[in-house]
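# Architecture and fold: a report
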Amino acid sequence: MERFKMIASSYLILVVDGQVLLSRRYQTGYEDGNYSLPAGHVEDGESLTECMAREAREEIGVMVPPKQYTLVHVMHRKKADIRMDFFFTADIGNQKPVIREPEKCDDLRWFPLKKLPTNTIPYIRHAIECHQKKIFYSEFVWE
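The paragraphs below set out a description of the structure included in this document. (Residues numbered from 1 in each chain as written. Predicted model: local features only at pLDDT ≥ 70, side-chain atom pairs only at ≥ 80, totals over all residues. Heavy atoms only, no water.)

Within the element layout of this structure, threonine 120 appears in the loop between β8 (105-112) and α2 (122-132). Within polar-contact distance, the side chain of threonine 120 engages the backbone oxygen of proline 117 at 2.8 Å. With residues up to four places along the chain from it excluded, the contact list for threonine 120 reads Leu22, Tyr35 and Arg125. (Helix = DSSP H or I, 4+ residues; strand = E, 2+ residues; numbered from the N terminus. Polar contact = N/O pair within 3.5 Å; in protein donor to acceptor, adjacent residues only side chain to side chain. Contact = heavy atoms within 4.5 Å.)

Put into structure tokens, the structure is as follows:
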């Protein structure tokens, strides 16, 4: 019998002066036109923080070593499949995030934490709210 497998992803919650950085998905086939966080799936042989460092570099051009990410929220999520989502913060210093994958993202900007766009992906909104409330673990759309 094959052992159950779950998809793991790392997400970056960047907050500066009460604003959070969000990227709008574009031509990905998943939640296109909606805002998310810089993120990606963990690859074979890669740690969660290595994944986060790679995705931040690939998606928004931010260079932060893996050991400088802080885990702030874990979400066990179920909809069509079951996932574990790990949300990190980091200090990016004077680096300016930019769109590095225009074929997957058509907008990248800062939004007030208290006024996220209406088209923010629901589980992303939930994770940001949990982070603000210092809730470390949540389950989302568990049936």
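This brings us to helix α1 (residues 48-60). End to end, α1 covers 18 Å across 13 residues, agreeing with the expected 18 Å (1.5 Å per residue, within 8%). What α1 keeps buried is the set Cys51, Met52, Ala53, Arg54, Glu55, Ala56, Glu59 and Ile60. Structurally, α1 contributes buried residues whose contacts are with β1 (7-12), β3 (19-25), β5 (39-41), β7 (82-89) and β8. Positioned one or two residues after α1, glycine 61 has a phi angle of 70 degrees, which is positive. (Expected span 1.5 Å × (residues − 1). Buried < 20%, exposed > 50% of the residue type's maximum accessible area, 1.4 Å probe, protein only.)

Further remarks concern a nonpolar patch on the surface. Residues Leu71, Phe136 and Tyr137 make up a contiguous nonpolar surface patch of about 270 Å² in total accessible area. Relative to the helices and strands, tyrosine 137 is located in strand β9 (residues 137-140). (Patch = residues over 30% accessible without salt bridge, like charges linked within 9 Å, V, L, I, M, F, W, Y side chains within 5 Å. Areas by Shrake-Rupley, 256 points an atom, 1.4 Å probe, with all protein chains shown as cover. Salt bridge = Lys/Arg side-chain N within 4 Å of Asp/Glu carboxyl O.)

Attention now moves to the pairing of β1. Where β1 lies against β7, 6 bridges are found, and the strand directions are parallel. Within β7, the residue paired with leucine 12 across the bridge is phenylalanine 88. (Pairing = 2+ DSSP bridges.)

Okay, unusual backbone geometry next. For aspartate 17, which is not glycine, the phi dihedral falls at a positive 50 degrees. Counting through the fold element by element, aspartate 17 comes out in the loop between β2 (15-16) and β3. By relative accessible area, aspartate 17 is classed as exposed at 76%. In the Ramachandran plot, glutamine 27 falls in the positive-phi region, its phi being about 55 degrees despite a non-glycine side chain. Counting through the fold element by element, glutamine 27 comes out in the loop between β3 and β4 (35-36). For glutamine 27, a relative accessible area of 55% corresponds to the exposed category.

Turning to the packing of aromatic side chains, a few remarks are in order. In this structure the tally under the stated criterion is 4 aromatic pairs. Aromatic pair tyrosine 11 and phenylalanine 87: ring centres 4.5 Å apart, planes at 20 degrees, arrangement stacked. Here phenylalanine 87 lies in strand β7 and tyrosine 11 lies in strand β1, a separation of 76 residues in the sequence. We classify phenylalanine 87 as buried; its relative accessible area is 0%. A centroid spacing of 5.0 Å and a plane angle of 70 degrees characterise the contact between tyrosine 35 and phenylalanine 111, whose relative ring orientation is edge-to-face. Here tyrosine 35, found in strand β4, pairs with phenylalanine 111, found in strand β8; they are 76 residues apart in sequence, far enough to count as distant. A residue is classified by how much of its surface remains accessible, and tyrosine 35, at 2% relative accessible area, is buried. Counting every residue linked through ring pairs, the aromatic cluster contains Tyr11, Phe87 and Tyr123. In this structure, arginine 77 is placed above the aromatic ring of tyrosine 123, and the distance from its NZ or CZ to the ring centre is 3.6 Å. (Phe/Tyr/Trp six-rings, centres within 6.5 Å; stacked < 30°, edge-to-face > 60°. Lys NZ or Arg CZ within 6 Å of the ring centre and 35° of its normal.)

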